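Below are the chains, spelled out letter by letter.
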Amino acid sequence: MPEGDSLHRAARRLQVLVGERLEAESPHPRAQLTGVAERLDGRRLEGVEAVGKNLLLRFEGGVVLRSHLRMKGRWWVRPRGGKQLGRPWLVLRGSEHEAVQLNGPVLELESDAVRRLGPDVLADRPEFDAMLANLRAAPGDLPLGEALQRQRLVAGIGNMWMAEALWEARLSPWRRLHEASDDDLRSALETAHRLMSASVAGARGRRRVYRRVGRPCPRCGAAIRSRGQGDANRMAYWCPGCQRGDGPPAP
């Protein structure tokens, strides 16, 4: 699933359309049923921003489009008139460029979903105190790996950056919130912000644990493990040798 850093990069690419009056089209049949393209066609794009895992496109007249990419969605920006790729959910055409949204079935106007999000971990000035307060208000037996991905607590962190941030911070994704100190939680949040900000800036750091099951930990040499976590069964990756906290519960 595209995480917060991917959405921030998409927001940067879409800036070339800001200020233009756009043509909007929805080639995908399911997207046509939403009526989004009709509402946007001919409106001027006033701004684009990423909030957590959401992309918000603000149009004149107070119309706001929320895009969530789910597992496989992507935004592409290219010169206007390029060959159509499949059946996009939305195409926004300016005078010289066009934005194409593929495979992301969440396109909503006037949605209140963003108002329910926690503070964005990739904000210019992250609200770490508010994130910490949200985590402390969550059930104490919630594993840290799950808690960091609950968008109402902290917006923007997905499975990959959860795994990498907790490895950097030497914390197990199975550590319960009530077992983690405030310093532990702040370290995890600050590390996620640092790693994801570097990704937005174009740095391509080497993955330490994510999808590296069975390979030696680059810090202590123990074999990396993985196991599904939570009701959504998102895969957690961790080093049992140097990440503090208990392992997963017995099957």
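Further up the page is the structure itself.
Reading guide: rules and limits
- Residues numbered from 1 in each chain as written.
- Predicted model: local features only at pLDDT ≥ 70, side-chain atom pairs only at ≥ 80, totals over all residues.
- Heavy atoms only, no water.
- Helix = DSSP H or I, 4+ residues; strand = E, 2+ residues; numbered from the N terminus.
- Rg over C-alpha atoms; globule rule 2.2 N^0.38 Å.
- Buried < 20%, exposed > 50% of the residue type's maximum accessible area, 1.4 Å probe, protein only.
- Contact = heavy atoms within 4.5 Å.
- Areas by Shrake-Rupley, 256 points an atom, 1.4 Å probe, with all protein chains shown as cover.
- Lys, Arg positive; Asp, Glu negative; His and termini not counted.
- Charge placed at Lys NZ, Arg CZ, Asp CG, Glu CD.
- Axes fitted to C-alpha atoms, helices over the stretch in contact; angles between N-to-C directions.
- Parallel < 35°, antiparallel > 145°, perpendicular 65-115°, else oblique.
- Left-handed = near helix turned anticlockwise from the far one by under 90°.
- Nonpolar A, V, L, I, M, F, W, Y, C, P; charged D, E, K, R; others polar.
- Phe/Tyr/Trp six-rings, centres within 6.5 Å; stacked < 30°, edge-to-face > 60°.
- Lys NZ or Arg CZ within 6 Å of the ring centre and 35° of its normal.
- Core = buried A, V, L, I, M, F, W, Y, C linked by side-chain atoms within 4.5 Å.

Draft legend 1. Spotlight on the overall build of the protein chain. Helices and strands together make up the secondary structure of the protein chain, namely seven helices and 10 strands. Its C-alpha radius of gyration of 20 Å places the protein chain within 12% of the 18 Å reference for a compact globule of 251 residues. By its C-alpha atoms, the protein chain is 55 × 35 × 35 Å across when sized along the principal axes. Looking at the protein chain as a whole, 50% of its 251 residues are labelled buried. Long-range contacts, defined here as pairs at least 24 residues apart, represent 62% of the contacts in the protein chain between residues at least 6 apart. On the protein chain, roughly 12,300 Å² of surface is accessible, and the fraction owed to carbon and sulfur atoms is 45%. Computed over 42 positive and 30 negative side-chain charges, the separation of the two mean positions in the protein chain equals 7 Å.

Draft legend 2. Expanded view of the packing of helix 4 (residues 128-137) against helix 7 (residues 182-200). For the pair helix 4 and helix 7, the least separation of the axes is 10 Å and the interaxial angle reads 125 degrees. Of the possible angle classes, the one that applies to helix 4 and helix 7 is oblique. As helix 4 packs across helix 7, the resulting crossing turns out to be right-handed. Contacts between helix 4 and helix 7 involve Phe128, Asp129, Met131, Leu132, Leu135 and Arg136 on the former and, on the latter, Asp182, Leu185, Arg186, Leu189, Glu190 and His193. Here the residues of the contact of helix 4 with helix 7 sort into six nonpolar, one polar and five charged.

Draft legend 3. Quick look at the packing of aromatic side chains. Within the structure shown, the criterion is met by two aromatic pairs. Taking the centre distance of 5.7 Å and the plane angle of 75 degrees together, the rings of Trp174 and Trp238 count as edge-to-face. Of this pair, Trp174 sits in the loop between helix 6 (159-168) and helix 7 while Trp238 is found in strand 10 (residues 234-238), placing the two residues 64 residues apart along the sequence. Classification of Trp174 as buried rests on a relative accessible area of 7%. Consider the rings of Tyr210 and Tyr237, whose centres lie 5.2 Å apart with planes at 70 degrees: the pair is edge-to-face. Of this pair, Tyr210 sits in the loop between helix 7 and strand 9 (225-229) while Tyr237 sits in strand 10; the two residues are 27 residues apart in sequence, bridging distant segments of the chain. Summarising the burial analysis for this pair, Tyr210 and Tyr237 share the class buried. One cation-aromatic arrangement involves Arg219 over Trp167; the distance from NZ or CZ to the ring centre is 3.8 Å.

Draft legend 4. Highlighting the environment of Gln243. Looking at the element boundaries, Gln243 is found in the segment after strand 10. Separated by 23 residues in the primary sequence, Gln243 and Cys220 place their C-alpha atoms 10.0 Å from one another. If we ignore the near neighbours within four places in the chain, the residues touching Gln243 are Leu166, Trp167, Arg170, Leu171, Ser172, Pro173, Val209, Arg219 and Trp238.

Draft legend 5. Quick peek at the side chain of Ser199. Its place among the elements puts Ser199 in helix 7. Beyond its immediate stretch of four places on either side in the chain, Ser199 contacts Asp5, Arg9 and Trp161.

Draft legend 6. Main features of the environment of Arg136. Position of Arg136 among the secondary structure elements: in helix 4. Given a relative accessible area of 36%, Arg136 falls into the partly exposed group. Along the sequence, Arg136 and Ser181 sit 45 residues apart, while their C-alpha atoms lie 10.0 Å from each other. Once you skip the residues sitting within four places of it in the chain, Arg136 turns out to touch Leu177, Ala180, Ser181, Asp182 and Leu185.

Draft legend 7. Seen up close, the nonpolar core. Of all hydrophobic cores here, the largest spans 42 residues; its most connected members are Val121, Leu148 and Ile157. Broken down by secondary-structure element, the contributors of at least two residues to this core are helix 4, helix 5 (144-147), helix 6, helix 7 and strand 10. Once you skip the residues sitting within four places of it in the chain, Leu148 turns out to touch Leu135, Val154, Ile157, Met162, Leu166, Ala188 and Leu189. Judged by nonpolar contacts, the second largest core, of 27 residues, contains Ala31, Val63, Trp75 and Ala99.

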